[in-house]
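Structure assessment
Next come the chains, spelled out residue by residue.
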Number of protein chains: 2
Amino acid sequence: MELADLPTPSLVVDKGRVAVNTAAMRTRLAGHGVNLRPHAKTAKSVEVARLALGDGTGGLTISTLAEANYFLAHGLSDMTYAVCISPGKLDAIADLMRRGADIKIITDSVDVGNAIARHGAPFQVLIEIDCGEHRTGVAADSAELTAIADAVTAMTGGAEIKGVLTHAGHSYLSRNGEEAAEIAEVERLAAVAAAARLRDAGCETPIISVGSTPTATHARSMQGVTEARPGVYVFQDLFQAGIGSCGLDDLALSVLASVISRHPERGTVMIDAGGLALSKDRSTGAFDGEDDCGFGMICDMSGTPMAGLRIAGVHQEHGEIKVTDRAVFEQLSVGAKVRVLPNHACMTAAAYGVYHIVEGGVEVTETWERCNGW
Amino acid sequence: MELADLPTPSLVVDKGRVAVNTAAMRTRLAGHGVNLRPHAKTAKSVEVARLALGDGTGGLTISTLAEANYFLAHGLSDMTYAVCISPGKLDAIADLMRRGADIKIITDSVDVGNAIARHGAPFQVLIEIDCGEHRTGVAADSAELTAIADAVTAMTGGAEIKGVLTHAGHSYLSRNGEEAAEIAEVERLAAVAAAARLRDAGCETPIISVGSTPTATHARSMQGVTEARPGVYVFQDLFQAGIGSCGLDDLALSVLASVISRHPERGTVMIDAGGLALSKDRSTGAFDGEDDCGFGMICDMSGTPMAGLRIAGVHQEHGEIKVTDRAVFEQLSVGAKVRVLPNHACMTAAAYGVYHIVEGGVEVTETWERCNGW
């Protein structure tokens, strides 16, 4: 089957690009001497996870209980669930552990630490550190850090502290490798400082975990860190290209769509990929001029960007392309197919149940499932 | 089971409110003497469709082939697929017809009209009219209108023109019932004028279809129109409340979420419903002040809005609430549950496989499936 035979909209992954992106990150982190724990929240696919791990084994980062059950069922049992756990999910975590999951959970709350201890199961806990994004996490020098450790380990033979985890989400505010490298250093120092305090307080703290695609890509040093958790690098996307994490040629994910309507007097071409098929993510709106890609960048069927063509607006099932060049307009006749590069791969992929795999060309060689929902 | 026992995030529907919203629309359109063809793209649920139809029978509007197959399998065979058809989908439509679907398709293109005629199947075609949104559709007074009819009906015994269809999407720019009523009149006149031209050209044109929730709600006259296709009214949402289509008490859809982290020094409470669980729709950003609800409005477990609480920002699995009131902060302890009203019900619901049904209270009485994807 070829791409042109797929129904539209469909989600397409270039396996060769995933192989290049994932090999580059493995090489980079091996050079730093740290473990790679890829964040599976982007692809939610065991095939992509195995490519990211290289030899197909090792630990993952996850963001939902659905991912935990899915990866465990596929034999990948070493997981860090990198969203602060709510007390209501502890029974499900304990159940996953009974079924063989080597799952680490995280918190930034003394109250949750108490709930973890009271539960009684031998949970493995990482304390989330805030390294500057101010989303979740406690400061490395805060009283809460040791208070959480004390709370978690209050019951002998129960839960234990396995380390610290931080995410420099504010690396998304960087606009080039230099800026990302500076944030990476702040991220590293926060994690290392927090771990040192826990060790001083008598916690072994074997895991010192950092990670985001920009910081893992540009960090100059990972001294003292034990692992990194980048995620979106497996596919990359227009936002990552815009902040210098990758080039446009690295983008592995696209949405196949058909032209369904066009109006020369309005200079518009409509495709059957809209807000559901692309997501309403507008992260490239943070960029000026050409780097603001609207809701996605238009490519031909080979995956080559068509100069200047963007999704200017979306409705639920419609995407609108503004076309001023007459020759380009003629190319986009009704029924013609295009591929749309997404602003944010994690958001776009979430609308689909499967990936259609190509390897550079237009032949569909495989179909890979995704694990959606919670 | 009670709401508090559900995993988070989960999607919750108040059946009583759906019953009120759908009965009101039926009464309103019956008063105008026009047929109601509810747009199933919002709920994508046979249970909601049957509530909307009243006696459980009648025609639907749909937006994907997946919906067509799903509703046909559930015995609802009368459908209008209200997204311009691409030639690549005609085989699938013909197959649906062979399996018993009474399915109408739409186009605004002479080229597609030719493809429809060439295909040879007895397609039922509506011509899409642009009544001012300039998304898709031809002008009621355009040469294309009759050219499309001629193209579609070029083969004797093949496809036929069943009428015209228009969607006043620009009614979403209205800010009150008066403005929506004015756009409704423009929508009506465009549809009626286009139908008159087709009839003059010898096309029978039995269907004259208009529709959007704001115009169906506020139209003063539907003279000459045969049917209306509102969609989001079944659930309503914060955007519809903001433009006067409904009150906050009419909102039937919410996302159940848990508090997972909170930091008094930052004035933030984080919940486990983020960009995937709520969507990144920012439609209420079009409103000033209190009516801009960020990514959603926070309610307690009874569904009552908590004064001034909004989702200020989202990450993939995190939603951030800014809380300045100390008493409210105390209420939102880690593990506490809230319900989030969405900006745009169609976008938010699309992330979930099922609805958990309540009837005013907190007891979960049923689970209804959704039909996602394409």
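Since the model is a prediction, treat every value here as computed from it, not as a measurement.

Regarding the overall build of chain A
Scanning chain A from terminus to terminus reveals twelve helices and 17 strands. Here chain A has a C-alpha radius of gyration of 22 Å; the compact-globule value for 374 residues is 21 Å, and the two agree. Across the 374 residues of chain A, 57% fall into the buried class. Restricting to contacts in chain A with at least 6 residues of sequence separation, those with at least 24 account for 66%.

Quick look at the interface of chain A and chain B
Accessible area lost when the parts come together is the quantity often used to give the size of an interface. Listed as interface residues are 46 residues of chain A and, on the opposing side, 46 residues of chain B. The set of elements that each furnish at least two residues to the side of chain A that touches chain B consists of α5 (110-119), β10 (253-263), α10 (275-278) and α12 (345-349) of chain A. With three residues, the top contributor of residues to the side of chain A that touches chain B is β10 of chain A. Among the residues forming the side of chain A that touches chain B, the class breakdown is 16 nonpolar, 20 polar and ten charged.

Some thoughts on the relation of the copies chain A and chain B
Each copy superposes on the other: chain A lies on chain B with an RMSD of 0.0 Å after a rotation of 180° and an axial shift of 0.0 Å. The relationship between the two copies is best expressed as a two-fold rotation axis. Of the C-alpha atoms belonging to chain A, the one lying closest to the rotation axis is found on K280 of chain A, 2.7 Å away. Most of the interface of chain A is mirrored in chain B, where 100% of its interface residues again form contacts.

Quick word on helix α2 (residues 46-53) of chain A
Two residues of an α-helix separated by three or four positions point the same way, owing to the 3.6 residues in each turn. Residue and element names in this part refer to chain A. Those residues of α2 that sit buried are V46, V48, A49 and A52. Looking down the long axis of α2, one finds its buried residues gathered within 160° of arc, a one-sided arrangement. On its buried side, α2 packs onto α1 (15-32), β3 (60-62) and α3 (65-73). Two residues or fewer after α2 comes G54, characterised by a positive phi angle close to 85°.

What to know about the domain arrangement of chain A
All names here are of chain A. Parsing chain A into structural domains produces domain 1 (3-10 + 246-369) and domain 2 (16-237). Computed from C-alpha atoms alone, the centre-to-centre distance between domain 1 and domain 2 is 33 Å. Elements supplying a minimum of two residues to the side of domain 1 that touches domain 2: α12 and β17 (364-369). The element that contributes the greatest number of residues to the side of domain 1 that touches domain 2 is α12, accounting for three residues. Tallied by class, residues from the side of domain 1 that touches domain 2 come to ten nonpolar, three polar and three charged.

Quick look at the environment of E359 of chain B
All names here are of chain B. Relative to the elements of secondary structure, E359 occurs in the loop between β16 (354-358) and β17 (364-369). On the neighbour-count criterion, E359 (15 C-beta atoms within 10 Å) is partly exposed. Considered as a pair, E359 and H32 are 327 residues apart in the sequence and their alpha carbons are 30 Å apart. If sequence neighbours within four positions are ignored, E359 has contacts with K15, G16 and T365.

So, how was this worked out
- Residues numbered from 1 in each chain as written.
- Chains lettered and ligands numbered in written order.
- Predicted model: local features only at pLDDT ≥ 70, side-chain atom pairs only at ≥ 80, totals over all residues.
- Helix = DSSP H or I, 4+ residues; strand = E, 2+ residues; numbered from the N terminus.
- Rg over C-alpha atoms; globule rule 2.2 N^0.38 Å.
- Buried ≥ 20, exposed ≤ 12 C-beta atoms within 10 Å, placed from the backbone.
- Contact = placed C-beta atoms within 7 Å.
- Nonpolar A, V, L, I, M, F, W, Y, C, P; charged D, E, K, R; others polar.
- Least-squares fit on C-alpha atoms with pLDDT ≥ 70 in both.
- Arc of directions from axis to C-beta.
- Domains from an automatic or database assignment.

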